[in-house]
Amino acid sequence: MTEPLSRCCYCGVASDWEEAFVDASTFRNGPGKACVTCKAYRDKFHGFYINIAIGAMLFLAIGYGITGSAIGAVAFAVIAYIAAYAAIALHELAHAAAATLVGVGVPVFSIGGGRHVRVSRTPARWLLLGFTPSEGLIILSYRSRNWHRTKSAFISAAGPLFNLACAGVVYAWLKQSGGALPAYPELAAEQFVLFNALLGVVNLLPFQATTPYGVMSSDGRSIIGAFAMTDEHVDEAVGQTFFVVAYFEYLFGSKAAVVAMVDPLIESGDADIAVKILATAAYAETGNLDKGIRLCRAALEAADLDRAQRAALLNNLAYALQFKKTPDALEEAEQFSSEAYSLFPMSLAIRSTRALVLVATDREREALALTRDRRFKIEPKPTQANVLCTQATAYSQLGETERAAESLAAAARLAPDSDRVAKTRLELAGKAAA
């Protein structure tokens, strides 16, 4: 008896994997389910910016009620935006400072919600900047399990307590000034106090919320959870450190650097399945095709893979095989890509590889249908550029040279230093010369 299929109410993809769907019921549309990819896309775009627009209109209305003028309303809303962003930035900076104080690394520091408008790298960490003052995030890198629970609770408490301290200091300064400040500076100080106080109090309450990053716990819940952690949970948290750093390097940085990081673990046999999946992708990206293929095949023989892990390995194996360009390799790539797609059809990584394999097997129209998926916009810019390179190749093989050039130009704007963009440019130039 076959399992019933769930169907996404947005993109229409169907699967018997219930865990890949979330509730998307609305008052207007009634009950429904959304695949995890559509959920992430809508969180970062449609629903997210609708909520931001509603919030902006609310602040404009409040500002107009207070000031009685359109200019005053705009000034009030702009000041609110700056004050809210400052409160979130201070909150995350306090977390990061507390982590540094107790010897915990902070490889990822993110401020702002929605799409990342800027991603940059320092020697110590990745810095991610979003447009809206709606959320912040740091990812911690524990170097040992010593005092893990106490350190975690201290880091979690630092953010909201610093917000409350900032609110208290500025409030005392306002009281001392006795209304002697100009109107707009006083308004800015009042809003700074308000947003810091709200952020501090709300984050000390123990609750969970769904965000574009997944389910996140408030600092209050994290403090309680820190002391409730078992030894196994502590070991897991400490063990994730390496993978998190390597994963962000893979998403935004150098694939060669990822290979240098994972190689010792792979060679020693100490790599877990997450590291093996990451390693197989990095090997394929850097031309270590045979090593990546061998590792994929060996890992697929494991009996304890879950569905997502198997789909990821099949996808990476297909990705590596299609680069070999031989008939046998392409036949296998088609088989493995198709199986990965049937297991996890809503995964953007799998859809990207599927498009690449379809282009390699002269099924350009099918590939183009996948590359036009607007949900790729939630992926990092290098990933978006890779998809556009696949699209450019497909257009080129169909003889649509202008569209191919447009897709390649868009890829170059997203990732001007990408090796994939450079290779695609050479391929298209060679075809044009021929």
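See the structure above.
Calculation rules
Residues numbered from 1 in each chain as written. Predicted model: local features only at pLDDT ≥ 70, side-chain atom pairs only at ≥ 80, totals over all residues. Heavy atoms only, no water. Core = buried A, V, L, I, M, F, W, Y, C linked by side-chain atoms within 4.5 Å. Buried < 20%, exposed > 50% of the residue type's maximum accessible area, 1.4 Å probe, protein only. Helix = DSSP H or I, 4+ residues; strand = E, 2+ residues; numbered from the N terminus. Patch = residues over 30% accessible without salt bridge, like charges linked within 9 Å, V, L, I, M, F, W, Y side chains within 5 Å. Areas by Shrake-Rupley, 256 points an atom, 1.4 Å probe, with all protein chains shown as cover. Salt bridge = Lys/Arg side-chain N within 4 Å of Asp/Glu carboxyl O. Phe/Tyr/Trp six-rings, centres within 6.5 Å; stacked < 30°, edge-to-face > 60°. Lys NZ or Arg CZ within 6 Å of the ring centre and 35° of its normal. Expected span 1.5 Å × (residues − 1). Contact = heavy atoms within 4.5 Å. Polar contact = N/O pair within 3.5 Å; in protein donor to acceptor, adjacent residues only side chain to side chain. Axes fitted to C-alpha atoms, helices over the stretch in contact; angles between N-to-C directions. Parallel < 35°, antiparallel > 145°, perpendicular 65-115°, else oblique. Left-handed = near helix turned anticlockwise from the far one by under 90°.

Our next topic: the nonpolar core. Within soluble globular proteins, side chains that are nonpolar tend to cluster in buried spots. Counting 35 residues, the largest nonpolar core has Cys8, Cys35, Leu313, Leu317, Leu321, Phe344 and Met346 as the members making the most contacts within it. Counting only elements with at least two residues in this core, the list comes to β4 (33-35), α9 (273-285), α10 (289-300), α11 (307-322), α12 (327-343) and α13 (348-360). Membership of the second largest hydrophobic core comes to 20 residues, among which are Leu358, Ala404, Leu408 and Ala411.

Once that is clear, we can look at a nonpolar patch on the surface. A surface patch of nonpolar side chains, about 810 Å² in accessible area, is lined by Tyr49, Ile52, Leu60, Val74, Val78, Tyr81, Ile82, Val117, Leu129 and Phe131. When residues of the nonpolar patch are traced back to their parent elements, those giving at least two are α2 (46-67), α3 (70-101) and β6 (126-141). Per element, the largest residue contribution to the nonpolar patch is four residues, and it comes from α3. Assignment of secondary structure puts Phe131 in strand β6. The exposure class of Phe131 is partly exposed, given its relative accessible area of 47%.

Here we come to the packing of aromatic side chains. Any aromatic ring pair is given by two values, namely how distant the centres are and how the planes are angled relative to each other. A complete count under the given rule lists 11 aromatic pairs for this structure. Note on Tyr41 and Phe45: the rings are 4.8 Å apart at their centroids and 25° apart in plane angle, and the pair reads as stacked. Seen in terms of ring centroids, Tyr247 and Phe248 are 6.4 Å apart; in terms of plane orientation they differ by 90°. Their pairing is edge-to-face. Residue classification places Tyr247 among the partly exposed positions, given a relative accessible area of 37%. Residue Phe248 is classed as buried on the basis of its relative accessible area, which comes to 11%. We note Arg42 situated over the ring of Tyr10; from NZ or CZ to the ring centre the distance is 3.9 Å.

On to α13. Here α13 is 13 residues long and its end C-alpha atoms lie 18 Å apart, about the 18 Å a rise of 1.5 Å per residue gives. Regarding α13, the residues found buried are Leu348, Ile350, Arg351, Ser352, Thr353, Arg354, Ala355, Leu356, Val357, Leu358 and Val359. Buried-residue contacts for α13 involve α1 (36-44), α11, α12, α14 (364-371), α15 (381-397) and α17 (419-433). At the N-terminal boundary of α13, the capping side chain belongs to Ser347, with an oxygen 3.4 Å from the backbone nitrogen of Ala349. Directly beyond the C-terminal end of α13, a positive phi value near 60° is found at Asp362.

Right, let's talk about the packing of α9 against α11 for a bit. At a closest axis distance of 9 Å, the pairing of α9 and α11 adopts a crossing angle of 15°. For the element pair α9 / α11, the angle class is roughly parallel. Judged by the sense of rotation from one axis to the other, the crossing of α9 with α11 is left-handed. Between α9, through Ile273, Ile277, Thr280, Ala281, Ala284 and Glu285, and α11, the contact on the second element is made entirely by Gln309, Ala312, Leu313, Asn316, Tyr319 and Ala320.

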